[in-house]
Amino acid sequence: MVDSHQPLKKFSWRCPSNIAIVKYWGKKGNQIPCNASLSMSLTHSFSEVTLELFDKKSKEDVELNYFFEGKKNPLFEDRLRKYLKEQKADFPFVKDQAVTIHSHNSFPHSAGIASSASAFGALALSLSEAALTYFTKEKDFLQNASRLARLGSGSACRSVYPRFALWGKIKNVPASSDQFAIPVTTIHNNFKNLQDAILIIDNKPKKVSSTVGHSLMKNHPFAKKRFAQANDRASRLLQILANGDLQEFISITESEALTLHAMMLTSDNYYILMKPGTLLAIEKIMSFRRETQIPVCFTLDAGPNVHVLYPESDKKAVNEFLNSNFKKGIKEILFDKLGNGPQKLKC
Ligand code: PMV
C-alpha cells in the first residue's frame with residue numbers, strides 16, 4: 001500500500017540573506033527596479049526550505065500548505081498561493097500536485113534581518129528544481145531561480161549567488177538585467193572574506209514596510225537624480241571590487257546607507273527608521289576608523305540596525321572594538337561574513 005504521507009518528490013535548499021551595498025529603492029511594473037543594486041551574500045544568516053509534492057486531493061488551482069518553523073502560517077501561505085498562481089507557467093507541477101512547504105531561518109525572527117530575501121531565495125531554488133522535471137534544460141538554473149525569486153521579493157534575486165551580485169540593467173555591463181541578478185565574478189582579495197557584524201539596535205517590526213517605502217519613490221522630488229546616482233555607483237563599485245580600493249568602497253557604502261535613509265526623510269510622507277542608537281553606532285564606527293586607520297565602515301538596511309563591514313585581516317581588532325563598545329546598550333551583535341551562496345540540501 002502506498003503511504004499517502006510520503007511525498008512523491010522532495011527538494012530542499014538553504015539560501016543566505018544579503019545586504020545591499022548599493023541600494024534598491026523604488027520599483028515599477030512587476031518588481032522591476034528603478035535602479036541597479038549590488039549586494040553581498042551572507043554566510044550565517046540563511047533560510048532553509050523543504051518543498052514536498054503530493055498527489056492532489058482537491059480541485060483547487062493551488063493546493064498549498066505552508067509551515068514556518070513547524071507551525072502553519074496562513075498569512076505567508078496566502079502570499080505564496082498568490083505567487084504560485086501568478087507564476088503557474090513556471091511551475092507546471094502545481095496543476096497536478098499538492099505542495100507542502102516547510103521553512104525556517106537560522107536567525108531569530110526578531111533580529112531585524114530581511115528574511116524575505118533568504119526565504120524567497122530558498123523557495124525559488126526549490127521550486128525551480130521541481131520544475132526542472134518539466135523543463136529539461138538545467139542551463140541558467142541560477143538565473144531562472146533569480147528571476148523567480150525577484151517576483152517573490154525584489155532583493156531575494158541577489159541571494160541565489162555566492163559573494164556579490166548585481167541586479168538591474170546598467171550600460172557598461174551587457175549581461176546585467178532588470179529581470180534577474182547576475183554574479184560578480186572579479187573580486188579582489190581585500191573583499192574576499194569581508195566581515196559583516198550586525199548590531200541589533202532595535203528588533204521591533206518596522207513602522208513603514210519596504211513596499212510602502214518603494215512606492216514613495218514614485219513621486220519623490222529627488223527620484224531621477226537618485227536612480228542615476230545608484231546606477232553610476234553600481235558600476236563604480238564593480239570596478240572597486242575588482243581593484244580592491246578600500247577607501248572608495250567605504251565612501252560608496254556609507255553614502256549609500258545614508259542616501260537610502262535620506263530618501264525616507266525627504267519623501268512626501270516622510271518617516272524615520274533610524275534610532276538614536278543607530279547614529280551613536282555610526283559615530284563610534286567613524287571615530288574608530290579615524291583613530292586606527294582600520295578600513296571599517298557601516299551600512300544600513302531599511303531599519304535601525306547597523307551592519308559593520310571590515311576585511312578579515314582586521315577581524316581581531318574590530319571584534320574587540322565592537323564587543324567592548326556595543327555589548328551593553330544594544331540587543332545583540334550577529335557576527336556574519338561574505339558567503340558562498342546557496343546550498344542544495346539532502347532530503
Ligand atoms: O526586496 P524588498 O522589496 O524588501 O526591498 C529591499 C530594499 C532594501 O533592503 C532597503 C535595499 C536592498 O537593495 O536590499
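Placed above this text is the structure.
Thresholds applied
Residues numbered from 1 in each chain as written. Predicted model: local features only at pLDDT ≥ 70, side-chain atom pairs only at ≥ 80, totals over all residues. Heavy atoms only, no water. Pairing = 2+ DSSP bridges. Helix = DSSP H or I, 4+ residues; strand = E, 2+ residues; numbered from the N terminus. Axes fitted to C-alpha atoms, helices over the stretch in contact; angles between N-to-C directions. Contact = heavy atoms within 4.5 Å. Salt bridge = Lys/Arg side-chain N within 4 Å of Asp/Glu carboxyl O. Buried < 20%, exposed > 50% of the residue type's maximum accessible area, 1.4 Å probe, protein only. Core = buried A, V, L, I, M, F, W, Y, C linked by side-chain atoms within 4.5 Å. Expected span 1.5 Å × (residues − 1). Polar contact = N/O pair within 3.5 Å; in protein donor to acceptor, adjacent residues only side chain to side chain.

Asker: Now, about the sheet that holds strand E11 (residues 297-300): what can you tell me, with residues and values included?
Answerer: The strand order E11-E12-E10-E13 describes an open sheet built from 4 strands, whose pairing is antiparallel. Across the chains shown, the open sheet's two edge strands, defined by having one partner strand only, are E11 and strand E13 (332-337). Averaged over all neighbouring strand pairs, the angle between strand axes comes to 25°, with direction disregarded. With 6 bridges connecting them, strand E10 (residues 195-200) and E13 associate as antiparallel partners. Counted as the bridge partner of Ile 200 is Glu 332 from E13. Packing of helix H10 (residues 315-326) onto the sheet brings it into contact with E10, strand E12 (306-310) and E13, and relative to E13 it is tilted by some 165°.

Asker: So what about the pattern of salt bridges? Which residues, and what values?
Answerer: Within the structure shown, the criterion is met by 16 salt bridges. For Lys 82, the salt bridge identified is with Glu 86, shortest N-O distance 3.4 Å. Here Lys 82 and its partner Glu 86 are both found in helix H1 (residues 74-86), 4 residues apart, which amounts to about one turn of the helix. Glu 86 gets classed as exposed once you look at its relative accessible area, which sits at 52%. Residues Arg 233 and Glu 256 are paired through a salt bridge, measuring 2.7 Å at the closest nitrogen-oxygen approach. One end of the pair, Arg 233, is in helix H7 (residues 223-243); the other, Glu 256, is in helix H8 (residues 246-265), and 23 residues separate them in sequence. Note on Arg 233: relative accessible area 10%, which makes it buried. For Glu 256, a relative accessible area of 0% gives the class buried. What you see here is one network of salt bridges that share partners, running through Lys 72, Glu 77, Asp 78 and Arg 81.

Asker: An account of the nonpolar core is requested, with residue identities and associated values reported.
Answerer: The biggest cluster of nonpolar side chains holds 41 residues, and the ones touching the most others in it are Leu 80, Tyr 83, Phe 91, Phe 93 and Ile 101. Of all the elements, helix H3 (residues 115-131) adds the most residues to this core, at 9 residues. Filtering out sequence-adjacent residues up to four positions away, Tyr 83 remains in contact with Phe 91, Phe 120, Leu 127, Leu 148, Ala 149, Leu 151 and Gly 152. Formed by 35 residues, the second largest nonpolar core is a distinct cluster that contains Ala 36, Leu 42, Phe 180 and Ile 252.

Asker: Which residues make up the environment of Val 49, and what values go with them?
Answerer: Here Val 49 shows up in strand E4 (residues 37-55). Between the C-alpha atoms of Val 49 and Cys 15, which are 34 residues apart in sequence, the distance is 8.4 Å. Leaving out residues up to four positions away in the same chain, Val 49 has contacts with Phe 11, Ser 12, Trp 13, Ile 101, His 102, Ser 103, Ala 119, Ala 122, Leu 123 and Ser 126.

Asker: I'd love a proper account of H8, names of residues and values included.
Answerer: Over its 20 residues, H8 runs 28 Å from end to end, which matches the ideal 28 Å to within 8%, given 1.5 Å per residue. The opening residue of H8, the one whose side-chain oxygen lies 3.2 Å from the backbone nitrogen of Gln 247, is Asp 245.

Asker: Pulling in residues and values, what's your account of the pairing of E12?
Answerer: Within E12, 5 of the 5 residues are buried, which leaves it mostly tucked inside the rest of the structure. Every second residue of E12 is oriented toward a common face, with Val 306, Val 308 and Tyr 310 on one face and His 307 and Leu 309 on the other, all of them buried. For E10 and E12, the ladder comprises 5 bridges, and the chain directions are antiparallel. Its bridge partner lying in E12, Gln 195 is registered against Tyr 310. Looking at chain direction, E11 and E12 are connected through 4 bridges and run antiparallel. Note that in E12 the partner of Thr 299 across the bridge is His 307. Turn length for the E11-E12 hairpin, with the two strands adjacent in sequence and antiparallel, is 5 residues.

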